Amino acid sequence: MNIKEYFRFAAESLRKADIETPEFDAGVMLCCVLKCGRAYLYTHYDRVLVSLELEALDEMLRQRINNVPLQYIIGETEFMGLPFSVSPEVLIPRQDTESVIEEGIRLVKLFAEQAETNKSKEYANRAIRVLDMCTGSGCIAVSIAHYCPESVVVACDISQEALKIAEKNCRRNCVENRVGLRCGNLFNALDDGQLFDIIVSNPPYIETGVIPELQKEVKNYEPYLALDGGQDGLDFYRQIVVNAPAYLKNGGYLVLEIGYNQGQSVKNIMNQNFHDIEICKDISGNDRILTGRYIKP
Ligand code: GLN
C-alpha cells in the first residue's frame, strides 16, 4: 500500500465511524508515523508503506475509530504556538484557555512595567511571581513562562501523573528553570508564606450531571478529575476564592477560566474578597475569563 491508498482507506474508515474530520485525522496519523509534514504526503503519494509503518497506522486508526482523541493518539498538541506533550492523565489544552493566558500575560507585563519605572529597591529588577493552580499538562504555566521572561511560575496539581507531563512540557519548551512544580490538593501543595503577584487557574468546572452528555472523546478518555466541578460546577471556585488572598500580594490579581454560563455565579463568589471584578470573553464570544484584584482590608 502506498501513501495515497492508505490515506483513502483511513479517511473512509473514519468517516464510516462518524469521526468529524476524517481526512484531517488520517493525514495527522500518517505525518506522525512517517515523521513528516503534511506537504510531504501530497508530494509523495506513491511512497510505499512498509509493514512496521502499516502496523503503527492500523493501531492509531483502531483507536481513533473508538473515539480516542487524536492528540492522545499522537501524544501531542500545539497550544499558544508551542508544542505540548499530552497523555490521558491530562486534559487536552483548549483554545478557550488561550484567552485566559493572554490575560495573565497582560498582567505580568503590567507588573513588570511598574517594577521597571519604580526605582525603589523593593521593586527594581524583581521577577513577577505567578501561580498556576491545577496545572494539568502545564499549558498555562509553560506559556506564561515562555512569553514572559520576567516571570517565575509555580504550578500545582493534585495528580502526580499530570505533573510528570507538565515537567516534560517545561523541558520541551526550555522553561524548567523558571517553573516550579508542586503536588497537592489546591493550596496545600504550597508552603505557607509564599506570595504571588498573579494567580491563574483553569480548574475543573463541569457540573457532574452534565458530564455524561459530553462528546465521547471527552467523557470516555479525558481525566474525570480534570472535568468534574461538583454538583453545580463551582466547587473549585469556592475553594480557590476563599484561599487565594493568603497567597496574593496586596494589589495582586486572580484570573480564572470559567464556563460560558458561570460568569455571574463566580462573580458573586469573588465579591466576598476581591475588587475590580471583570468578566471577559474568549474569541468565540463566550464569557470565559474572570479577573479580580486583591486589596488588603
Ligand atoms: N490548567 C490545565 C488546562 O488549562 C488543566 C485544567 C484542568 O485540569 N481542569 O488545560
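Since the structure is predicted, the reported quantities are computational estimates derived from the model, not experimental observations.

S.K.: Go over the site of the ligand with me, naming the residues and quoting the values.
M.R.: Around the ligand, the neighbouring residues are L91, T97, C134, T135, C139, I140, N202, P203, P204 and A226. One of the backbone N or O atoms of T135 is found 3.5 Å from a nitrogen atom in the ligand. With the chains in place, 96% of the 300 Å² that the ligand exposes on its own is no longer accessible.

S.K.: Explain helix α2 (residues 22-34) to me, and be specific about the residues and the numbers.
M.R.: Helix length check: α2 (13 residues) gives 18 Å between terminal C-alpha atoms against 18 Å at 1.5 Å per residue, within 8%. Of all 13 residues in α2, 10 are buried; the element is thus mostly enclosed. When α2 is considered as a whole, its buried residues turn out to be P22, D25, A26, G27, V28, M29, L30, C31, V33 and L34. Buried residues in α2 make contact with α1 (3-16), α3 (38-43), α4 (51-65) and α5 (70-74). Positive backbone phi, at 50°, marks K35, one or two positions downstream of α2.

S.K.: Tell me what's going on with the pattern of salt bridges, and back it up with residues and numbers.
M.R.: Tallied over the entire structure, the rule returns 19 salt bridges. One salt bridge in this structure joins E76 and R172, with 2.6 Å as the shortest N-O distance. Pair noted here: E76 is in strand β1 (residues 76-79) and R172 is in helix α8 (residues 160-172), with a separation of 96 residues, a long-range link. A residue is classified by how much of its surface remains accessible, and E76, at 33% relative accessible area, is partly exposed. We classify R172 as partly exposed; its relative accessible area is 34%. Taking the shortest distance from any N to any O, the salt bridge between D197 and K249 comes out at 3.5 Å. Here K249 lies in strand β7 (residues 248-257) and D197 lies in strand β6 (residues 196-201), a separation of 52 residues in the sequence. Salt bridges sharing partners connect three or more residues here, namely E12, R15 and E23.

S.K.: I'd like a description of the sheet that holds strand β5 (residues 179-183), backed by residues and values.
M.R.: The seven strands lie next to each other as β5-β4-β3-β6-β7-β9-β8, forming an open sheet whose pairing is mixed. This sheet does not close on itself; its edge strands, each paired only once, are β5 and β8 (275-281). Ignoring strand direction, the axes of neighbouring strands in this sheet form an average angle of 15°. In the sheet, strand β3 (residues 128-133) pairs with strand β4 (residues 151-157) via six bridges, with the strands oriented parallel. Note on β4: the bridge partner recorded for I128 is S151. With respect to the sheet, helix α11 (residues 263-270) is in contact with β7, β8 and β9 (287-293), its orientation differing from that of β9 by roughly 10°.

S.K.: Just give me the short version of the pairing of β4, but keep the residues and values in it.
M.R.: Burial analysis of β4 places six of its seven residues in the buried class, the great majority of the element. At this point the chain moves from β3, through helix α7 (residues 139-147), to the parallel β4, and the crossover so formed is right-handed. The pairing of β4 with β5 spans five bridges and is parallel. By the bridge assignment for β5, C156 is matched with R182. Read as a crossover between parallel neighbours, the route from β4 over α8 to β5 is right-handed.

S.K.: Help me get a handle on the packing of α1 against α4, residues and values and all.
M.R.: Remark: α1 packs on α4, axes separated minimally by 10 Å, with the N-to-C direction vectors making an angle of 15°. Comparing the axis directions of α1 and α4 gives the class roughly parallel. For α1 against α4, the interelement crossing comes out right-handed. On the side of α1, the interface is formed by Y6, F9, A10, S13 and L14, while α4 contributes L54, L57, D58, L61, R64 and I65. Tallied by class, residues from the contact of α1 with α4 come to eight nonpolar, one polar and two charged.

S.K.: For the packing of aromatic side chains, give the residues involved together with the corresponding values.
M.R.: Counted by the stated rule, this structure contains seven aromatic pairs. Consider the rings of Y42 and Y45, whose centres lie 6.3 Å apart with planes at 80°: the pair is edge-to-face. A relative accessible area of 41% means that Y42 is categorised as partly exposed. Given a relative accessible area of 29%, Y45 falls into the partly exposed group. Their ring planes at 25° and their centres at 6.4 Å tell us that Y205 and Y237 sit as a pair that is stacked. Of this pair, Y205 sits in the loop between β6 and α9 (216-221) while Y237 sits in helix α10 (residues 235-243), and the two are 32 residues apart along the sequence. In this structure, R129 is placed above the aromatic ring of F196, and the distance from its NZ or CZ to the ring centre is 4.6 Å.

S.K.: Describe unusual backbone geometry, and please don't skip the residues or the numbers.
M.R.: Of note in the backbone geometry, M80 takes a positive phi value of approximately 55° without being a glycine. Tracing the backbone shows M80 in the loop between β1 and β2 (82-85). The backbone phi angle of C174 is positive, close to 55°, even though this residue is not glycine. Mapped onto the elements, C174 comes out in the loop between α8 and β5.

About the cut-offs
Residues numbered from 1 in each chain as written. Predicted model: local features only at pLDDT ≥ 70, side-chain atom pairs only at ≥ 80, totals over all residues. Heavy atoms only, no water. Near = heavy atom within 4 Å. Polar contact = N/O pair within 3.5 Å; in protein donor to acceptor, adjacent residues only side chain to side chain. Areas by Shrake-Rupley, 256 points an atom, 1.4 Å probe, with all protein chains shown as cover. Helix = DSSP H or I, 4+ residues; strand = E, 2+ residues; numbered from the N terminus. Expected span 1.5 Å × (residues − 1). Buried < 20%, exposed > 50% of the residue type's maximum accessible area, 1.4 Å probe, protein only. Contact = heavy atoms within 4.5 Å. Salt bridge = Lys/Arg side-chain N within 4 Å of Asp/Glu carboxyl O. Pairing = 2+ DSSP bridges. Axes fitted to C-alpha atoms, helices over the stretch in contact; angles between N-to-C directions. Right-handed = clockwise from strand over helix to strand, strands pointing away. Parallel < 35°, antiparallel > 145°, perpendicular 65-115°, else oblique. Left-handed = near helix turned anticlockwise from the far one by under 90°. Nonpolar A, V, L, I, M, F, W, Y, C, P; charged D, E, K, R; others polar. Phe/Tyr/Trp six-rings, centres within 6.5 Å; stacked < 30°, edge-to-face > 60°. Lys NZ or Arg CZ within 6 Å of the ring centre and 35° of its normal.

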